[in-house]
Amino acid sequence: MAVPRKVTAFHLPPLPTVGEIIKLFRLKAQKQLSQNFLLDLRLTDKIVRQAAELKNAHVCEVGPGPGGITRSILSAGVEQLLLIEKDARFIPGLQMLSEAAPGKVRIVHGDILTYKMEKAFPKHLKKNWEDEAANIHIIGNPPLSLSTPLIIKWLENVSKKDGPFIYGRTQMTLTFQKEVAERLTANPGGKQRSRLSIMSQHLCTVENRFVIPGEAFVPKPEVDVAVVHFTPLVQPKIQQPFALVEKVVRSAFQFRRKYCFRGIETLFPESGRLKRTEQLMMTANVEPTLRPFQLSMSHFRNLCDTYRKMCDEDPGLFVYDYREELRQKKMGKNLLKRTGQPDKIEEEDQL
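Computed from a prediction, not measured in an experiment: that's the story for all the values here.

Criteria and thresholds
Residues numbered from 1 in each chain as written. Predicted model: local features only at pLDDT ≥ 70, side-chain atom pairs only at ≥ 80, totals over all residues. Heavy atoms only, no water. Helix = DSSP H or I, 4+ residues; strand = E, 2+ residues; numbered from the N terminus. Buried < 20%, exposed > 50% of the residue type's maximum accessible area, 1.4 Å probe, protein only. Contact = heavy atoms within 4.5 Å. Lys, Arg positive; Asp, Glu negative; His and termini not counted. Charge placed at Lys NZ, Arg CZ, Asp CG, Glu CD. Domains from an automatic or database assignment. Buried area = accessible area lost by both parts, 1.4 Å probe. Salt bridge = Lys/Arg side-chain N within 4 Å of Asp/Glu carboxyl O. Polar contact = N/O pair within 3.5 Å; in protein donor to acceptor, adjacent residues only side chain to side chain. Nonpolar A, V, L, I, M, F, W, Y, C, P; charged D, E, K, R; others polar. UniProt positions renumbered as here; feature names shortened; annotations may be inferred. Axes fitted to C-alpha atoms, helices over the stretch in contact; angles between N-to-C directions. Parallel < 35°, antiparallel > 145°, perpendicular 65-115°, else oblique. Left-handed = near helix turned anticlockwise from the far one by under 90°. Pairing = 2+ DSSP bridges. Right-handed = clockwise from strand over helix to strand, strands pointing away. Phe/Tyr/Trp six-rings, centres within 6.5 Å; stacked < 30°, edge-to-face > 60°. Lys NZ or Arg CZ within 6 Å of the ring centre and 35° of its normal.

Caption draft 1: Up close: the overall build of the protein. When its secondary structure is counted, the protein shows 12 helices and nine strands. The principal-axis extent of the C-alpha atoms belonging to the protein is close to 90 × 50 × 35 Å. A total of 351 residues make up the protein; the buried ones form 47% of that total. The long-range share in the protein, meaning contacts at least 24 apart out of those at least 6 apart in sequence, stands at 69%. In the protein, 53 positive and 39 negative side-chain charges are present, and the distance between their average locations comes to 3 Å.

Caption draft 2: Looking closely at the domain arrangement of the protein. Domain assignment breaks the protein into domain 1 (23–232) and domain 2 (242–338). If you average the C-alpha positions of domain 1 and of domain 2, the two centres end up 34 Å apart. Taken together, the contact between domain 1 and domain 2 spans 17 residues of the former and 13 residues of the latter. Taking both partners together, domain 1 and domain 2 bury about 1200 Å²; carbon and sulfur atoms supply 72% of that area. Applying the counting criterion to the domain 1 and domain 2 interface returns one salt bridge. Between Glu246 and Arg195 there is a salt bridge, and its shortest N-O distance comes to 2.6 Å. Applying the counting rule to domain 1 against domain 2 returns four residue pairs in polar contact (both at pLDDT 80 or more). Elements represented by at least two residues in the side of domain 1 that touches domain 2 include exactly α5 (144–160) and α7 (195–201). Along the lines of polarity and charge, the residues of the side of domain 1 that touches domain 2 split into six nonpolar, seven polar and four charged.

Caption draft 3: Structural view of the UniProt feature "domain: Ribosomal RNA adenine methylase transferase N-terminal" (unreviewed entry) in the protein. On the UniProt side, "domain: Ribosomal RNA adenine methylase transferase N-terminal" (unreviewed entry) is annotated at positions that read residues 43–234 here. From the first C-alpha to the last, residues 43–234 spans 31 Å; its make-up is 30% helix and 24% strand.

Caption draft 4: Broad picture of unusual backbone geometry. For the bond running from Val218 to Pro219, omega is -10 degrees, close enough to zero to count as cis. Inspection of the secondary structure puts Pro219 in the loop between β8 (217–218) and β9 (225–232). At Asn285, a position not held by glycine, the phi torsion is positive, near 60 degrees. Topologically, Asn285 is positioned in the loop between α10 (273–283) and α11 (297–313). By relative accessible area, which is 63% here, Asn285 ends up exposed.

Caption draft 5: Main features of the packing of helix α2 (residues 41–49) against helix α3 (residues 68–75). Taken N-terminus to C-terminus, the directions of α2 and α3 make an angle of 55 degrees; their axes are 8 Å apart at the nearest point. Relative to α3, the element α2 is oriented oblique. Between α2 and α3 the crossing geometry is right-handed. Contact residues: α2 offers Leu41, Thr44, Asp45, Ile47 and Val48, while α3 offers Gly68, Ile69, Arg71, Ser72 and Ile73. Partitioning the contact of α2 with α3 into residue classes produces five nonpolar, three polar and two charged.

Caption draft 6: Spotlight on the pairing of strand β3 (residues 80–85). By the criterion of burial, β3 is predominantly enclosed, with five of the six residues buried. Two elements, strand β2 (residues 58–62) and β3, share five bridges in a ladder whose sense is parallel. Directly across from Glu61, in β3, lies its bridge partner Leu83. Once you follow β2 into α3 and on to β3, the crossover reads as right-handed. With helix α4 (residues 91–100) bridging β3 and its parallel neighbour strand β4 (residues 105–109), the resulting β-α-β unit is right-handed.

Caption draft 7: Spatial organisation of the packing of aromatic side chains. In total, this model carries six aromatic pairs according to the counting rule given. When the ring of Phe121 is compared with that of Tyr167, the centres are 5.4 Å apart and the planes differ by 80 degrees; the resulting orientation is edge-to-face. Placement of the pair is Phe121 in the loop between β4 and β5 (136–140) and Tyr167 in the loop between α5 and β6 (171–177), with a sequence separation of 46 residues. Its relative accessible area of 7% is what places Phe121 among the buried residues. The ring centre of Phe90 lies 5.1 Å from the NZ or CZ of Arg89, which sits over that ring. In this structure, Lys161 is placed above the aromatic ring of Trp129, and the distance from its NZ or CZ to the ring centre is 5.0 Å.

Printed below as a string of structure tokens:
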């Protein structure tokens, strides 16, 4: 009887260290791109462990740079690793890693914000949204200036079940400035509660896993960095389109230190604004003198559901833009000044 073959763990062959790669290819972090290198493989291993079991997983790494996290991902025994890197200077070093792991690595020289993630992984990996999370992961230490617009883009993809989430509930493990991570995970009443808190938590389970001190990076950033893990929810907490939720939440937090009704009223044109704001707040059962950061997820769900009904009754309401109305009023005032008309025009209080 044949003896079963023991499956051995994958190990990278001896390679230059990340620091040596940086010297070899004369790589230098560009401050204008907010690039910071993480050279400590103990920390890169710890980041990768936050993504849970990666054995035989398919992974996309965002902005691998000199390849520190890349090595940790490969050492975790992944089936396939897609690297998306915008900076051409890093490609030769990544190709060296690719050659050390034959058949496992695919390198794309491109921008993660425009890359078509719908084609990133094999079709047979697709799962129903209600099933357990797909064995697909997005991992990365993107430039700090990129992390917030990137997660907003991917949250919209979660809402629409497209992009990297066409395969199911793809998990994400990403680094953020510590303050941004605190906003992502802030609870009602917390000083960091913000638009980002609502937009992320109504779509995902969001966990702030651990903090990496700034001095661990080269060059040292002025802030500490946190590792955040996202798992899309089977059912979002607010059952409305992403654009509508984003508009309501953005309006509510427009005047963060004022009562919440001051921001909510910017959802409506000046004509009839007070009456419609009162109608929205009363129907949604939201106390108008709460501060925006005190509002719970159920408050925002009620606000979004009620606002949706008001938009259905008045199809032109959703396209109303408060800032555009202010701009038009300002232009009208300037025109009157130029034409010699009285300049004592009452303006809406912009707080």
